[in-house]
Amino acid sequence: MTTSLHPHDLSPAQAAARIRDTVIGWRRYLHRHPELSFHEERTAQFVYDALAEVDGLELSRPTATSVVARLRGDHPGPVLAMRADMDALPILEKNEVDYASENPGVMHACGHDGHTAMLLGAATVLAGLRDRLHGEVRFIFQHAEELYPGGAQELVDAGVVDGVDAVIGAHLWLPMPIGQVGVRAGALMASPDVFRLVVIGAGGHAAAPHETVDSIAVAAQIVTNLQHIVARNVDPLDHVVVSVTRFIAGTADNVIPGSAELTGTVRTFDAALRARVPQLMERIVRGITEAHGARYELTFERSYRPVVNDEAVSAFLRRVVERTVGRDALVEARPTMGGEDFSAYQQRAPGSFFFIGARNEERGIVHPHHHERFDIDERALETGVAIFIGAALDFLRGDRTP
Ligand code: NI
């Protein structure tokens, strides 16, 4: 696309304001055409086509449904990567807006449509400033954040963060009101590990429980006892969530089933605690099943690493937020036990992930992420574009002191 911007004369906030309507248009287009993780074919093509109209970007498709754009400035210097995720969720949208999903059962219910649109806007503006950039801005349009093993690790393995000096990414954030931007050094998001437990008893007639080993009764004790990990085994000043989210057993009202299957999630920030919780769980499972003559199979699957933000990059981001959207906007981000595969990039380069408030009580934009009525206050998009532009300009000026 062509822009009529004269970006040399504009601040990041002014440049973001100038491209606001285009960015909202992109977000609404993407919202209407959501695609599931690892199936973002049309989305990736849309992004590629939009970027192809911008002079000065070197485009690549590291995987089938991702796009990377490299903007190399006219002068040598550091490399800043910025990431947006692009995938939607298997949810039937209930919003009655003219940009509602046209793909029934699939919905941008987490705001990734907005992330993609913001990064497109920043890339468009920054490409027009290539002659003043010292270094490179790398725009990563990532597939499959919502589905483990996630797109980030694939892109890291494909080398998209090789040579990167810092990486940043944002999430439009419904827990935070519009106008606020949350930055935090240290742990921000948890590792969303999963477990599967099968309690194996001995089935039989419901009228003769003494001839069975009741897998439901045993598994129910396990469900309640697992909370002792949170309440009594872990330091209250540390953070852990243990949740049983599925409990499957039985086929009829007069049959005690031979087995019960439980699945759930364990959320932690800390590596040592992350390693310890499975041992604590197994101790409880082993003890309860043994006590009642049952057996068990317990498996853990490690998911994304926790998002732990780099001190220096977070300090840099704070300053960018103050400069671009103002001191009043900046708040300390509150950590969440949700997961994010942004952490994969942070294994290769110092990075910081931050939150852009998108909640508006007055307008009823209050539904949480992954809700069938999730929406954002679109003014947040402009804020995000301004921050990405400001971050690139500051970073590539070699001006990184907090
Ligand atoms: Ni998300």
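Residues numbered from 1 in each chain as written. Predicted model: local features only at pLDDT ≥ 70, side-chain atom pairs only at ≥ 80, totals over all residues. Heavy atoms only, no water.

**A short note on the coordination of the nickel ion**
Looking at the nickel ion, the protein donor atoms are Cys110 (SG), His112 (NE2) and His171 (NE2), and they sit 2.2 to 2.3 Å from it. Here the donor residues of the nickel ion are spaced in sequence according to C-x1-H-x58-H. Of this pair, Cys110 sits in the loop between β3 (75-85) and α4 (112-127) while His171 sits in strand β5 (residues 166-177), and the two are 61 residues apart along the sequence. Like Cys110, the residue His171 is buried in the burial classification. (Donors = N, O, S within 2.8 Å, 3.2 Å for Na, K, Ca; no water. Helix = DSSP H or I, 4+ residues; strand = E, 2+ residues; numbered from the N terminus. Buried < 20%, exposed > 50% of the residue type's maximum accessible area, 1.4 Å probe, protein only.)

**Thoughts on the pairing of β5**
Counted residue by residue, β5 has 10 buried out of 12 residues, so it is predominantly covered. As defined by bridge partners, β5 adjoins strand β16 (residues 351-359) across 8 bridges and the pair is classed as parallel. Among the inter-strand pairings, Ala170 is bridged to a residue of β16, identified as Phe354. (Pairing = 2+ DSSP bridges.)

**Some words on the packing of helix α6 (residues 215-225) against helix α8 (residues 271-291)**
Two numbers describe how α6 lies on α8: the axes approach to 10 Å, and their chain directions differ by 150°. The angle between the axes of α6 and α8 places the two elements in the roughly antiparallel class. Considering the relative orientation of α6 and α8, their crossing is right-handed. Of the residues in α8, those in contact with Val218, Gln221, Ile222 and Asn225 of α6 are Ile284, Val285, Ile288 and Thr289. Along the lines of polarity and charge, the residues of the contact of α6 with α8 split into 5 nonpolar, 3 polar and no charged. (Axes fitted to C-alpha atoms, helices over the stretch in contact; angles between N-to-C directions. Parallel < 35°, antiparallel > 145°, perpendicular 65-115°, else oblique. Left-handed = near helix turned anticlockwise from the far one by under 90°. Contact = heavy atoms within 4.5 Å. Nonpolar A, V, L, I, M, F, W, Y, C, P; charged D, E, K, R; others polar.)

**A few points about the sheet that holds strand β6 (residues 181-183)**
Strands sit in the order β1-β2-β4-β3-β5-β16-β6-β15 across an open sheet of 8 strands; the sheet is mixed. This sheet does not close on itself; its edge strands, each paired only once, are β1 (57-60) and β15 (330-332). Going from strand to strand, the sheet's axes swing by 25° on average, the running direction of each strand aside. Where β1 and strand β2 (residues 67-72) come together, 4 bridges link them in antiparallel fashion. Each residue of the ladder has a partner; that of Glu58, found in β2, is Arg70.

**Here we look at the environment of Pro175**
On the secondary structure map, Pro175 appears in strand β5. Residues Pro175 and Gly357 lie 182 residues apart in sequence; the distance between their C-alpha atoms is 7.2 Å. Those residues in contact with Pro175 that lie beyond four places of it in its chain are Arg359 and His369.

**Side note on unusual backbone geometry**
Of note, the amide linkage connecting Tyr148 to Pro149 takes the cis form, showing an omega dihedral of 10°. Take Pro149: it is sitting in the loop between β4 (134-142) and α5 (151-157). A positive phi angle, near 50°, is found at Ala144, a position not held by glycine. Structurally, Ala144 is set in the loop between β4 and α5. Judged by its relative accessible area of 0%, Ala144 falls in the buried class.

**A closer look at the side chain of Thr263**
Its place among the elements puts Thr263 in strand β12 (residues 259-268). Apart from residues lying up to four places away in sequence, Thr263 is in contact with Phe195, Arg196, Ser243, Val244, Thr245 and Arg246.

**Some remarks on the confidence of the model for the chain**
Averaged over all residues, the pLDDT of the chain equals 96, while 97% of them reach at least 70. In this model residues 1-5 is a low-confidence stretch, pLDDT under 50, and it forms 11 contacts with partners more than four residues away in sequence or in other chains. (pLDDT = per-residue confidence, 0-100.)

**Details of α8**
Counted at 1.5 Å a residue, the expected span for α8 with its 21 residues is 30 Å, and the 31 Å between its end C-alpha atoms agrees. The complete set of buried residues in α8 reads Leu273, Arg274, Val277, Leu280, Met281, Ile284, Val285, Ile288 and Thr289. Each element contacted by the buried residues of α8 is listed here: β8 (191-200), α6, α7 (227-233), β10 (240-249), β12 and β13 (295-301). The opening residue of α8, the one whose side-chain oxygen lies 3.1 Å from the backbone nitrogen of Ala272, is Asp270. At the exit of α8 stands Gly293, carrying a positive phi of roughly 75°. (Expected span 1.5 Å × (residues − 1). Polar contact = N/O pair within 3.5 Å; in protein donor to acceptor, adjacent residues only side chain to side chain.)

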